[in-house]
Amino acid sequence: MKLVRTSGLIIFLLSFGLFLGLFFMSEYKLTEEIFASKVKPNHQELLKPEMSKMFDKSYSLSIPFVNQINAAVDNVNGQLRAEQKWNDIIWDDYSGSLTKASAGGLIVDSTWLLFVLVFIGGTIGALMFILPQVQLAGPAGIKHNGIFFNALNNRGWVGISAGTLLVVFYILIYFYDAYMMNWIILVEPLKKLINPAGESSQWFLYGFLYTFAVVVMGIRMLVKYRHSKYQMVRTASVMFFQLAFAFLIPEILVRLNQPYFDFKNMWPLDYDFFDAWHIDMLTKSGGIGIFMFAWGITLFVVGVPTFVFFFGKRWYCSWVCGCGGLAETAGDPFRQLSDKSTEAWQIERFLIHGVFVFGVIMTGLVLYNFFGGDFGFSLNKWIIVSVVVATAVGLSLWHMKKYPDMGSKKVMTVAGSIAGFVVLAVVFSEVSVFKKYIPVDGSNFNFYSYDVRTVYGFMIGSLFSGVIGTGFYPFMGNRVWCRFGCPLAAYLGFVQRFKSKFRITTNGGQCISCGNCSTYCEMGIDVRWYAQRGQNIVRSSCVGCGVCSAVCPRGVLNLENGDESTRFTDPILIGNDSIKVTE
Amino acid sequence: MDHIVIIGNGIAGITTARQIRKHSDHKITVISGETEHFFSRTALMYIYMGHMKYENTKPYEDWFWTKNKIDLKKAWVKKVNYSNKTLEFEGGESMQYDKLVLATGSKSNKFGWPGQDLEGVRGLYSYQDLEYMEKHSKDIDRAVVVGGGLIGVEMAEMFHSRNIPVTFLVRETNFWNNILPEEESKLINRHLFEHHIDLRLATELKEIVSDENGRVKSIITGTGEEIACQFVGLTPGVSPNVDFLKESELNIERGIVVNEYLETNIPDVYAAGDCAQVAEPLSHRRAIEAVWYVGRMMGEALGKTLSGQKTAYKPGIWFNSAKFFDIEYQTYGLVGNKLQDNEGQFYWEAEDGKKCVKIVFDQASKKVIGVNTFGIRMRHEVWDKWLKEGKTLNHVIANLDEANFDPEFFKRYDPEIQKAYNGQFPDEQVSVRSRSLLERIFS
Ligand SMILES: Cc1cc2nc3c(=O)[nH]c(=O)nc-3n(C[C@H](O)[C@H](O)[C@H](O)COP(=O)(O)OP(=O)(O)OC[C@H]3O[C@@H](n4cnc5c(N)ncnc54)[C@H](O)[C@@H]3O)c2cc1C
Ligand code: SF4
Ligand code: SF4
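Residues numbered from 1 in each chain as written. Chains lettered and ligands numbered in written order. Predicted model: local features only at pLDDT ≥ 70, side-chain atom pairs only at ≥ 80, totals over all residues. Heavy atoms only, no water.

Peer 1: What is the right way to look at the site of ligand 1 in this model?
Peer 2: The environment of ligand 1 is made up of 33 residues, and the closest members are Arg554 of chain A together with Glu34, Val77, Tyr125 and Asp274 of chain B. Flanking ligand 1 are residues from chains A and B. Val77 of chain B places a polar main-chain atom, nitrogen or oxygen, 2.8 Å from a nitrogen atom of ligand 1. Those elements that place two or more of their residues in the shell around ligand 1 are helix H1 (11-23), helix H5 (150-161) and helix H7 (292-306) of chain B. Considering only residue class, the shell around ligand 1 consists of 16 nonpolar, 12 polar and 5 charged. Taken domain by domain, the shell around ligand 1 gets at least three of its residues from each of domain 1 (3-107 + 239-306) and domain 2 (121-236) of chain B. (Near = heavy atom within 4 Å. Polar contact = N/O pair within 3.5 Å; in protein donor to acceptor, adjacent residues only side chain to side chain. Helix = DSSP H or I, 4+ residues; strand = E, 2+ residues; numbered from the N terminus. Nonpolar A, V, L, I, M, F, W, Y, C, P; charged D, E, K, R; others polar. Domains from an automatic or database assignment.)

This is the structure we're talking about:
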């Protein structure tokens, strides 16, 4: 059995290595025919002088190839700007289509074979590694031996490498998708299988890898928690919703010429729901599109309050949601890394509510824009940067003086993150790939209402939820996004805090303050704080994963739905007749 | 404003300090030589097993103490001078107090076995013991644990978690049989075997054998068998840690003798937690109860007293809990290892042999006296009420569902238990029922 496991690990690592290696394994050759077939006729004339230098030259790596294409477009645009021919500027992104068409070699010749080696091989390897645990890891029960000695689980070198790889991967996906053309091509056969007319893109690749991770790591979760039926049912649920609702159904809808739609996603997590193009797409797709639009609105207007009232926000966050799904499966090995300090809690409240407000304002402006309104203003960006940074520094110094013993981590972090946010935006505005996400021009911010949407999409949608939200699993735990950023979690949390039957009850006086519950709470809730004083845990951030209850060695915690009047009670520890209410 | 000094930063000392702070503004100093901050002793095993780091076992963040103006001092107290109310520390310093709380906890027992002081032989009580274990159990081939109590089984689990084979010597004929009834003991025996623990029942330790460097190399059992090992965990129970207080006017028997207000025989000196021995315990309690909960409850009462609201220590219904590898155990009320003359029992065991419920009741009145539950979580509040109100066995069995504390979707054993009851007590039928999942979800 041990041998099976080791071989499984080796097979998995080989597949994974092959996958990484594929990034480098192909060649790109742009030909005149490809150019003619992919570039719009009116652009051909403009671009040909620049691009013809590349014709029939073969590149062994995507990066210089893509850079050259982008440089060609940039040069042409630069010239057009100089000549003030604003209407001729090329906005189309040719790097993706040209790179894909120009790719050749191993990845194109043997796509299926490579697909099988990477994904089927990877699955077999992973399962050979996971399944023997049923026997090897001893009888069913909590399996946390050695977590804090492990280089993956405790920010050791494996964890740091994994985190770095994830961050790089997310940056590629969001901003340099053409660089990873080989991977996009790798999953093309699967795309064709689902939808013969479709074309693989970085988003299909992402969706597939995501689902793959949820399913394979979900199986690991099922094995690990096979003694807890709550965990098994919940894990099966997130696996199902990811596979069916997030991955297959939308693809099938597209095949049936219907709009792409994820029935379980909702505003404000789905921040482009109210984008003009999205509303148009749905409302112009006939009955089913209208239904989707109505469904999407009903879900957050009626669905959230109703379900959260009966079950707490867990019905979504740890049973249905895709972000939650990844966190609960692939993220499980990292749950103990979430920060439990009070300061972290304060930062969390600031950030998540900040994002929520930002999201609501952004949506308001998008709708305002949709219905024809607009406003614009421009400000000198360097003045803004100086003011924000000065305020941040001042605020931190003031706080340090006022509360010397509490430390100033909290205010420094908050002030620092605002300052960082603004500085980052300005820096990004100088880097060409990011230019389109930060609507600044020269030394001024020229803001129009729709630009808020662009900034939100870039800062929150891409950087926060993706790069940091998932990339930082191995550093800050598996719910970085859900805890600090998700606007939907903030909304679900309001309802859970103020109008719900859900609570975690503590069992009389049985707590021994051991700390397992707090350690393994992925949301960084200091569960023990409540348990050891005999107080129900009613926290807006609790996603109801039930792990605190599972790891408690004294059977103290239970996720329950009950009468609202019994939710907020005085702390009470049973067993001591000297004292009635204790703290 | 008095200066209240507390020796011991365990659950008893810390609860006292927190209660005093909550109700008054006396100056508080908490002293311990073990660690700077309060940590959960019950979680020591999890540090060794890699489930947590030491940091995770601290119930309060470090700023908590400054914020609540509880001064901490890390030092060993060598001597207490009651006449001039002074403490002497091991480094030569001293400290004045107005009121003194002794919450010095326990120490591991040693029974004078030959070789008990060799290198690689140690009990498990303190943080230092844990460090010792960490240091001396690297790359070893076998560990022997002596003494079949709760700390013994934890130590066995600790070694097991690091793939160190464990031989577990238990003097009783079944695991923890001096406390648990036979059925429950046997259930745990089986579970230990399932985890490949080399459990030796009815086996005593005769001698610990040294190698040429003064390190343990083997042990010899009562039957003369020699077992090679490189670490020996000694866990034959604990006793009050009061040696440094002996030979003074303080009244010490096994522990520091206290009255119901946790006062010792010396004015302004109090004791709480493991080190205290209650002079006249209530009928359902023992004089020394070395468990977490008692330290906490004593601290709650004493803290109030010291803030000016004189409060007697009155423990309610006994309860306790533990976990044996994967099997959780809870108990409410009194279940002895043998039935008393007036007692009867109901016992049910699940088919897998890993869950069971035992309820002891009074034969004449049929009132329940106590329950042991293994593998099924039960609600403390409900059992506390049932026991206080003297509910009958019949009532309890019929309403067992009310006491269930297992997570949602877990199999409910109430119907099985009720059927078993109807089988064992043909004159006392209860109706077999369980709430459906839907009923429970929308409760
Ligand atoms: C491994 C283990 C597991 C346990 N598990 C459980 C469990 O699951 N459930 C349960 O109910 N109980 C359990 N217990 C028992 C429980 O931990 C104790 O009953 C409880 O911690 C006692 O608390 P206390 O405050 O009385 O003493 P302690 O926690 O022992 O605190 C006393 C402190 O005083 C310090 N001290 C003593 N003398 C001096 C001195 N002269 N100078 C300075 N400092 C001094 C000691 O170093 C110590 O830090 C367990 C015990 C151990 C060792
Ligand atoms: S409190 Fe418990 S159920 Fe809630 S998120 Fe934390 S571990 Fe999960
Ligand atoms: S609730 Fe359970 S896990 Fe949490 S501190 Fe208490 S005993 Fe430990």
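What follows picks up the thread again.
Peer 1: Got a minute to help me understand the packing of aromatic side chains in this structure?
Peer 2: Here the distance between the centres and the angle between the planes together describe a pair of aromatic rings. All told, the structure shown has 82 aromatic pairs over all chains when counted by the stated rule. Judged by centre distance (5.6 Å) and plane angle (85 degrees), the ring pair of Phe472 of chain A and Phe475 of chain A falls under edge-to-face. A centroid spacing of 5.5 Å and a plane angle of 50 degrees characterise the contact between Trp348 of chain B and Tyr413 of chain B, whose relative ring orientation is tilted. Highlighted residues: Trp348 of chain B in strand E23 (residues 343-349) and Tyr413 of chain B in the loop between helix H10 (400-403) and helix H11 (414-424), separated in sequence by 65 residues. The pair Trp348 of chain B / Tyr413 of chain B is uniform in exposure class, with both members buried. Just above the ring of Phe129 of chain A sits the side chain of Arg5 of chain A; from NZ or CZ to the centre is 3.9 Å. (Phe/Tyr/Trp six-rings, centres within 6.5 Å; stacked < 30°, edge-to-face > 60°. Buried < 20%, exposed > 50% of the residue type's maximum accessible area, 1.4 Å probe, protein only. Lys NZ or Arg CZ within 6 Å of the ring centre and 35° of its normal.)

Peer 1: Please clarify how the domain arrangement of chain A should be interpreted in this entry.
Peer 2: Where interface size is given, it is often the accessible area lost as the parts come together that is meant. Once the domains are mapped, chain A shows domain 1 (27-104), domain 2 (342-484) and domain 3 (499-566). Computed from C-alpha atoms alone, the centre-to-centre distance between domain 1 of chain A and domain 3 of chain A is 58 Å.

Peer 1: I keep staring at the interface of chain A and chain B and nothing clicks. Help me out?
Peer 2: Taken together, the contacts link 65 residues of chain A with 68 residues of chain B. On the chain A side of the interface with chain B, the three residues burying the most area are Gln510, Arg554 and Ile574 of chain A, jointly 11% of the side's total. Measuring nitrogen to oxygen at the nearest pair gives 2.8 Å for the salt bridge that ties Glu408 of chain B to Arg314 of chain A. For the interface between chain A and chain B, the tally reads 34 residue pairs in polar contact (both at pLDDT 80 or more). When residues of the side of chain A that touches chain B are traced back to their parent elements, those giving at least two are helix H13 (229-255), helix H15 (286-311), strand E7 (502-506), helix H25 (516-520), helix H26 (527-531), helix H27 (547-551) and strand E8 (557-561) of chain A. By residue number, the principal contributor to the side of chain A that touches chain B is E8 of chain A, which donates 5 residues. Taken together, the residues that form the side of chain A that touches chain B break down as 26 nonpolar, 29 polar and 10 charged. (Contact = heavy atoms within 4.5 Å. Buried area = accessible area lost by both parts, 1.4 Å probe. Salt bridge = Lys/Arg side-chain N within 4 Å of Asp/Glu carboxyl O.)

Peer 1: How do you make sense of the sheet that holds strand E6 (residues 94-96) of chain B when you look at a structure like this?
Peer 2: Adjacent strands of a sheet pair through backbone hydrogen bonds, lying either parallel or antiparallel. Residue and element names in this part refer to chain B. Spatial strand order, E4-E5-E6: 3 strands in an open sheet with antiparallel pairing. Looking at which strands have only one partner, the edges of the open sheet turn out to be strand E4 (77-81) and E6. Strand after strand, the sheet turns through a mean of 20 degrees between neighbouring axes, direction not considered. By the bridge criterion, 4 bridges tie E4 to strand E5 (residues 86-89) in an arrangement that is antiparallel. Residue pairing for E5: Asn81 is matched across the bridge by Thr86. (Pairing = 2+ DSSP bridges. Axes fitted to C-alpha atoms, helices over the stretch in contact; angles between N-to-C directions.)

Peer 1: Explain the site of ligand 2 to me, please; I cannot follow it from the model alone.
Peer 2: Close to ligand 2 lie Ile504, Cys521, Met523, Ile525, Val527, Cys542, Val543, Gly544, Cys545, Gly546 and Cys548 of chain A. Class assignment for the residues of the shell around ligand 2 results in 9 nonpolar, 2 polar and no charged.

Peer 1: Just to check I follow, could you spell out H5 of chain B for this structure?
Peer 2: Residues lying three or four places apart along an α-helix face the same way, a consequence of the helix completing one turn every 3.6 residues. Residue and element names in this part refer to chain B. Under the 1.5 Å per step criterion, the end-to-end length of H5 is 17 Å for 12 residues, consistent within 8% with the ideal 16 Å. In terms of burial, H5 is largely enclosed, as 9 of its 12 residues are buried. Within the sequence span of H5, burial applies to Gly152, Val153, Glu154, Met155, Ala156, Glu157, Met158, Phe159 and Ser161. Remark: Asn163 follows H5 within two positions and exhibits a positive phi of approximately 60 degrees. (Expected span 1.5 Å × (residues − 1).)

Peer 1: Any chance you could explain the pairing of strand E1 (residues 3-7) of chain B here in plain terms?
Peer 2: Regular strands place side chains that alternate from one sheet face to the opposite one. All names here are of chain B. Taken across its 5 residues, E1 has 5 buried, putting it largely inside the fold. With burial as the criterion, each face of E1 is covered, one bearing His3, Val5 and Ile7 and the other bearing Ile4 and Ile6. Relative to strand E2 (residues 27-32), E1 is paired through 5 bridges, and the arrangement is parallel. Bridging from a neighbouring strand, Ile7 pairs with Ile31 of E2. For the crossover from E1 across H1 to E2, the handedness is right-handed. One ladder, built from 4 bridges, connects E1 with strand E7 (residues 99-102); its direction is parallel. What sits directly across from Ile4, in E7, is Lys99. (Right-handed = clockwise from strand over helix to strand, strands pointing away.)

Peer 1: Help me out: how do you make sense of the side chain of Ser26 of chain A in this one?
Peer 2: Residues and elements named next belong to chain A. By the element assignment, Ser26 lies in the loop between helix H1 (2-22) and strand E1 (27-29). A relative accessible area of 10% means that Ser26 is categorised as buried. Reaching out from Ser26, the side chain makes a polar contact with the side chain of Tyr28 at a distance of 3.2 Å. What Ser26 contacts, discounting residues up to four positions off in sequence, is Tyr59, Ser60, Gly104, Ile107 and Asn182.

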